[in-house]
Structure formats: C-alpha cells, structure tokens
Amino acid sequence: MRYRHLSTVTLALGVVLLVDVLRVFLPAVITIFGQAASTPAELLGAFAFGWFLLALAAPALIRRVGARPVTLVAAVLLVVARLAVNGQPGGRLQLWLATAGLLAGLVWLAGAAAGTDRPVPGLALGLAVGAVLHTVLDTYRSAFFGDWPAWLAAVGVAGLFLAGQARPAPPAGAGGVRSWLLAGPALLLAGMVALSPAVARTATSYQFGLLRSDPADEVGVATVPLFGPAPLAVAVGGFLLAALAPPRRGAWRWLGPVALVGGAVLVTLGRGELLLPAVLLTAVGLGACLASAGAADGRGDDGADEARTPVPGGAGQDPARAASGASDPVRAAVGGQGPALAAGDGQDPVRAAGRRGYAAVAGMLVFAVAAVAYYSAYDLGHPNAGVPVAVAVLVAAVALARRPAPGPARSPLPPVWTAATAAVVTLLAAVASDELLSATNRDGPPETVRVAAYNVRMGFGMDGRFDPDALARAVAGADVVALSEVDRGWLLNGGHDTLDLLAERLDMPYVFAPAADPLWGDAVLSRWPLDAARTRPLPAVGAPTGAQALGVTVNFSEGVRLAVVATHLQPPPGEDPVVQARAVADFAVRYAAGRPLVVAGDLNTEPGDPAFAEFTRAGLVDALAAARPLPTSPADAPRQQIDHVFVTPGLAAADAAAPPGTASDHLPVAVTLTLPPA
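Residues numbered from 1 in each chain as written. Predicted model: local features only at pLDDT ≥ 70, side-chain atom pairs only at ≥ 80, totals over all residues. Heavy atoms only, no water.

J.: Talk me through the confidence of the model for the protein; I want residue IDs and the actual numbers.
T.: On average, residues of the protein carry a pLDDT of 87, and 88% of them reach 70 or more. Long-range and interchain partners of residues 307–346, a stretch whose pLDDT sits below 50, account for 74 contacts in this model, where long-range means more than four residues apart. (pLDDT = per-residue confidence, 0-100. Contact = heavy atoms within 4.5 Å.)

J.: Account for the packing of aromatic side chains, naming residues and giving values.
T.: Under the criterion given, the structure shown has 18 aromatic pairs. Measuring from ring centre to ring centre gives 4.9 Å for F615 and F646, while their planes differ by 15°; the resulting arrangement is stacked. Here F615 is found in helix 23 (residues 610–617), whereas its partner F646 is found in strand 11 (residues 643–647), with 31 residues between them in sequence. Classification of F615 by relative accessible area gives buried; the value is 0%. Given a relative accessible area of 0%, F646 falls into the buried group. Taking the ring centre of F512 as reference, the NZ or CZ of R488 above it sits at 5.4 Å. A cation over an aromatic ring shows up here: R595 above the ring of Y591, its NZ or CZ 5.4 Å from the ring centre. (Phe/Tyr/Trp six-rings, centres within 6.5 Å; stacked < 30°, edge-to-face > 60°. Helix = DSSP H or I, 4+ residues; strand = E, 2+ residues; numbered from the N terminus. Buried < 20%, exposed > 50% of the residue type's maximum accessible area, 1.4 Å probe, protein only. Lys NZ or Arg CZ within 6 Å of the ring centre and 35° of its normal.)

J.: For the side chain of S376, give the residues involved together with the corresponding values.
T.: With respect to the element layout, S376 can be found in the loop between helix 16 (349–375) and helix 17 (377–380). If we skip the residues at most four places from it in the chain, S376 touches A41, G381 and H382.

J.: Quick one: what's the story with the sheet that holds strand 6 (residues 530–537), residue by residue and with numbers?
T.: The strand order 6-7-8-9-11-10 describes an open sheet built from six strands, whose pairing is mixed. The two strands at the open ends of the sheet, each matched to only one other strand, are strand 6 and strand 10 (621–622). Relative to strand 7 (residues 548–555), strand 6 runs antiparallel, the two being bridged by six bridges. Within strand 7, the position partnered with R536 by the bridge is A549. Against the sheet, helix 23 touches strand 9 (597–602), strand 10 and strand 11, its axis set at about 20° to strand 11. (Pairing = 2+ DSSP bridges. Axes fitted to C-alpha atoms, helices over the stretch in contact; angles between N-to-C directions.)

J.: Explain the pairing of strand 13 (residues 669–674) residue by residue, including any values.
T.: Counting buried positions along strand 13 yields five of six residues, so the element is predominantly enclosed. Relative to strand 13, strand 2 (residues 448–455) runs antiparallel, the two sharing six bridges. In the sheet register, R450 faces strand 13, and the bridge partner there is T672. Relative to strand 13, strand 12 (residues 652–657) is paired through four bridges, and the arrangement is antiparallel. Residue pairing in the sheet places A654 in a bridge with T672 of strand 13.

J.: Describe in detail the pattern of salt bridges, supporting the description with residues and values.
T.: All told, the structure shown has 14 salt bridges when counted by the stated rule. Between D497 and R201 there is a salt bridge, with its nearest N and O atoms 3.5 Å apart. One end of the pair, D497, is in the loop between strand 3 (480–487) and helix 21 (498–506); the other, R201, is in helix 10 (residues 197–207), with 296 residues separating them in the sequence. One exposure class covers both D497 and R201, and it is buried. It is possible to trace a salt-bridge network through shared partners that takes in D138, R201, D434, R488, D497 and D500. (Salt bridge = Lys/Arg side-chain N within 4 Å of Asp/Glu carboxyl O.)

Structure, rendered in structure tokens:
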C-alpha cells in the first residue's frame with residue numbers, strides 16, 4: 001500500500017473508532033451518569049460538554065511534547081477503551097471507559113490534525129466505513145458487546161489502525177484548517193441524518209412501508225419497509241463521490257452547499273415522508289462541502305497557493321520513499337530534529353500544525369454544542385429545529401469562504417471506484433441485515449389474545465445497557481405489544497433502530513407513529529395483520545416532549561377486529577396529564593367506532609388521579625384492576641402504577657401481570673383478553 005493510501009486509511013479507521021466510542025458515551029451520559037427527564041438536562045449537557053472542552057489542552061500538549069508521541073499514546077488509549085467497552089456493556093465502568101475513550105479520541109484527532117494537511121479523503125472514508133459497519137451489524141453490535149463477529153470487527157479495525165499509526169508521517173503543508181474545522185460538524189450531520197442506517201430504514205418505512213396511514217392524518221405512520229436501509233447505499237456512494245471528486249468551480253460550487261442546507265431544512269420540518277430526500281440531499285451536499293473545503297485548503301491558510309519545497313515527503317517526491325526518513329514534523333520544528341516542515345509562504349510549521357489541532361478540537365466542540373442544544377430541547381422545551389440548519393449553514397459557509405486552489409485536485413482514492421464499491425457493499429449489507437416481517441397467525445380468530453404495554457426507554461436498561469434481547473424476553477408470549485419511548489435512530493442514543501431490532505426478535509411486524517420527531521414515538525406490534533392506522537398529535541400543554549395517539553386495527557379474520565390505541569402521555573413536570581388523557585379517550589372511542597377497543601401505554605397517571613378518571617369516564621375498564629396494586633416504575637424498585645391497559649366492557653381480562661426485570665426503567669404490563677364472537 002502506498003503511503004498516501006496508508007495515511008488515509010489510518011485516519012479513516014481512527015474516525016471509525018472515535019464514532020464507536022461516541023455511540024457508547026452519549027447514551028451513557030443520559031442513562032448512567034444521570035437519568036434523562038429526571039436529572040437536570042443542564043447537568044447532563046455540562047458533563048458531556050466538559051470533556052470536549054478539556055480537549056482544548058491537546059494542541060498545547062502536542063506543541064510541548066511533539067505530535068508523534070502524543071498521537072501514538074492517544075491512539076493506544078483509544079483502542080484499549082474501545083475494546084474494553086466492547087466487553088463492558090453497562091454500569092458505571094462503561095461510562096468511564098467510554099469517557100476515557102472519548103478524551104483519548106479527541107487528543108488523537110488533534111494530533112492527527114497537527115500532522116495532516118489534507119484530511120478530507122480520510123475523514124470521508126472513515127464516515128462511510130462507519131456507516132457500512134453500522135449497517136452490517138444491524139445498527140447494534142458495532143459499539144456494544146456482542147458475539148464473535150463484533151469482537152472480530154473491533155479487533156480487526158483496532159489492529160489495522162495501530163499498525164498504520166506506528167508509521168512515521170510525512171511532512172505536512174500549511175493548509176488543512178478548514179477541513180479539520182468541519183470534522184466535528186460533518187460527524188454530527190452524518191450521524192444524525194446523512195449516513196445513519198437507522199435513519200435510512202426509518203425513512204424507507206415512511207415512504208415504502210407495507211401499510212399506509214389514513215390520508216386525513218396530520219402526521220404519517222411508518223410500517224415495515226420493503227427495502228430496509230437500502231437507500232443508504234445511494235447516500236454512502238453519493239457522499240464519497242462528492243467528497244473525493246474534484247470540487248465544482250464557479251457557480252457550480254453552490255450546488256453542494258445548497259443541497260446540504262436544503263436537506264437540513266427538510267429534517268427540521270419534522271415529517272417522516274421527507275426523511276428520505278433529506279438523507280440523500282444531506283449526504284451528497286456534505287461530501288461536496290468537504291471537497292470544497294479541502295480544495296480551498298490547497299491555497300494555504302492565507303489564501304495563497306501552497307508551495308512545498310523539495311524536502312523529504314514534499315511535492316515532487318514519493319511520500320512512501322521519504323517516509324522512512326521523515327520524523328514528526330511538529331517535534332522536528334520544536335526540537336530541531338529531522339527535516340523542517342515545508343509550510344509554504346514562510347509560515348511557521350509549529351503555528352500551522354497548532355492551527356490545525358485547534359481547528360479539529362473546535363469542530364468537535366461544535367459537535368458537542370449542537371448535539372446538546374438539539375437533544376436537550378426534549379427536556380427543556382426550547383426550539384431545536386434550527387440546530388441542524390445552523391450546522392449545515394456553518395459547513396456551507398466554510399466550504400464557500402475560499403476559492404479552490406488552481407489546478408486539478410488529486411485524491412489518494414479513485415472517486416468513482418471507491419464510491420461504487422462502498423455503495424455495493426452497503427447495499428449488500430442492508431439486504432443481508434434486514435428482515436421482512438409478516439404476520440404469521442392467519443388460521444382464524446383466536447379465542448383470547450395477550451396484550452402487553454411496555455415503555456422501553458429507547459432500549460436502555462437500568463444499568464445503561466442497550467439490550468434488545470432482554471426487551472424481547474420481557475414481552476415474550478404477547479400477541480399484541482404497545483411500545484412507548486421508541487427510538488429509531490437518535491444519535492444521542494447510539495443511532496440504533498430499537499423498533500426494528502425488537503420486531504425482528506419477536507418476529508412481529510409493526511406500525512410506528514412519531515411523537516417528538518420522526519425518529520421517536522410509539523409503536524404497535526402484532527402477530528396478526530394490522531390495518532387502518534391513524535395517528536393524532538396530542539396537546540402539548542407546556543410539556544417539552546411531544547405526544548401522540550396511534551390507532552391500529554388488528555385483523556383476526558372472519559370479521560373479528562380489535563382496535564388498539566397506543567400512547568404515551570407527556571405531562572409537564574409535576575402535573576397530571578388530564579388534557580392529554582381526555583384527548584386520547586375521545587380519539588380512541590371515535591377510532592374504535594363500536595369495535596372492541598384496547599388503550600395501552602405509559603399514561604403517567606395512577607388509579608384515582610383525574611387523568612385516570614378520563615378513561616373510565618369514556619366507558620373504558622381498567623384491565624389490570626384484578627391485580628392491583630401493580631406498580632411498574634421504576635423497574636428496580638417499582639412504586640408507581642403509571643403503565644396501564646384499558647378495554648371496552650365486552651373484553652374479559654385475566655392473568656394481569658407486570659413481569660420483573662430491568663431491561664428498561666419501566667416494567668411491562670400484560671393481560672389476556674377474551675375476544676367477543678364475530
């Protein structure tokens with residue numbers, strides 16, 4: 001492998017490892033350090049942001065000690081933390097291992113920036129490879145513990161990364177500041193939208209699901225998709241092609257930034273049917289902006305064309321031949337050892353390296369600020385729709401701030417071949433990892449059906465462990481399951497499609513309705529066919545997190561139907577959700593239209609409260625009454641009865657239970673219902 005390829009691949013693998021650690025760190029903050037919706041969001045954000053802020057010391061450390069030793073040590077610590085997290089799937093130790101890995105990764109990134117002036121190919125390849133691995137492992141096992149494929153992938157990536165990192169770096173030029181500044185924003189946009197397999201699958205399930213919602217719905221529903229995350233192949237291929245190809249010049253330079261901002265705007269509109277074009281536009285636009293920033297960096301930081309002197313590793317020489325004699329450029333400049341950095345334009349090499357290091361850390365600070373600002377809104381209630389747009393505008397502005405350097409831009413990777421290969425591999429991974437679920441019980445209407453309701457807390461248990469297998473065991477034996485707090489790709493929660501993972505383990509198709517945004521809401525799974533899906537947003541009444549009511553009809557054949565309404569009431573802190581309860585009860589009765597009806601979910605109200613009375617006032621019956629008291633929250637020491645199942649009087653209820661477990665912070669509730677004859 002030629003050296004320019006090796007350095008690009010090494011940077012790409014480091015990005016993969018850093019993203020993996022982030023996928024553990026971010027959810028650990030809100031499930032282990034604190035508890036989202038109970039621990040103040042300001043405290044959670046301050047804890048997360050503090051570690052990114054601490055990384056600002058990395059460039060100064062590199063200036064004093066040298067880039068090579070600092071980068072090597074940080075790389076080793078990043079690998080150790082990454083592998084340790086792979087075997088530690090929960091608890092405080094996971095939090096601190098992920099935190100150590102994050103800090104090591106940020107220091108490594110600053111060191112890599114100090115010695116690399118053309119990072120765009122490596123950054124783009126790293127984001128794309130991370131998306132492919134995330135798809136291969138079905139959005140789940142690449143960062144958390146798992147079976148031998150997860151270990152094999154983790155050890156393989158870590159070994160290749162360390163082997164490449166051990167090679168000395170050739171001297172760097174004066175540019176690179178703009179490219180490194182975009183590393184953090186690019187990571188955020190890729191993880192939130194452009195290169196997320198969970199988001200791609202969710203987008204497909206809105207557009208190409210097997211069940212369409214009622215046209216009268218204000219917000220559409222998502223169902224089992226025909227193509228899974230297959231559109232991600234187009235996103236990955238388009239992203240790499242745009243990032244590695246020579247950037248557009250003249251007025252054409254605006255195409256990438258316009259596409260990026262346009263995709264971000266579609267995201268902020270909060271409609272599921274717009275997710276798929278948002279993914280594709282954001283991916284291609286982000287790649288084009290990275291390419292423009294990289295080409296502008298070729299002019300040097302002061303805008304002049306960069307001119308390298310013929311020193312080892314400089315222009316006119318093969319970097320592979322010069323690498324063996326090239327020592328660390330920053331250490332050489334500081335300590336007087338080895339060849340000096342050819343910075344061009346007389347720029348101080350130490351200053352150039354330091355600017356790149358600070359740019360990389362500053363970009364990651366943008367990542368942290370934007371992530372905290374966006375996701376904390378669901379606890380604090382401030383507007384967050386403009387956050388993705390603001391980040392996209394920043395990326396576009398940096399890409400357009402300087403004209404590209406004259407002459408053809410050269411990439412160490414062939415753009416068309418690399419993009420096509422990545423697209424094909426992603427498509428194969430999407431097809432292999434996805435399952436097309438279908439209802440299996442079609443022999444005729446049963447006499448009884450077991451209904452369960454479960455607040456899954458985005459898939460995270462009381463110890464902060466993400467374990468869809470434990471969630472599936474908690475509702476095993478149920479025929480119809482109503483889920484609350486379902487996450488389908490939030491970067492904050494690791495980017496998992498919790499609904500798809502659980503549905504595959506239960507072998508039950510689903511209908512999903514958005515509540516907070518198109519990726520977070522409620523769902524119904526069933527062993528029998530579902531139809532006539534409808535969803536209604538509920539009054540916010542001052543609560544920061546959105547709520548909805550999802551109605552579906554279970555078709556048992558031979559004229560036997562069961563109307564099911566799943567919801568999660570979200571009252572303001574300390575208040576009873578009486579307004580939302582009344583809205584759900586009214587919607588449910590109208591939706592059922594005389595058919596047997598079940599209303600289930602986390603209702604955040606207890607027997608005897610005003611909100612509880614709204615359901616009984618609507619003519620519904622507490623299906624869990626015979627088992628009362630039946631506390632369900634918190635799961636490790638339940639004392640609140642806030643998860644419920646209400647039914648119409650014609651449905652006889654039996655065997656109500658709340659199976660113990662800590663796969664979520666709630667216990668599931670389950671009850672067997674006797675169906676009336678057709």
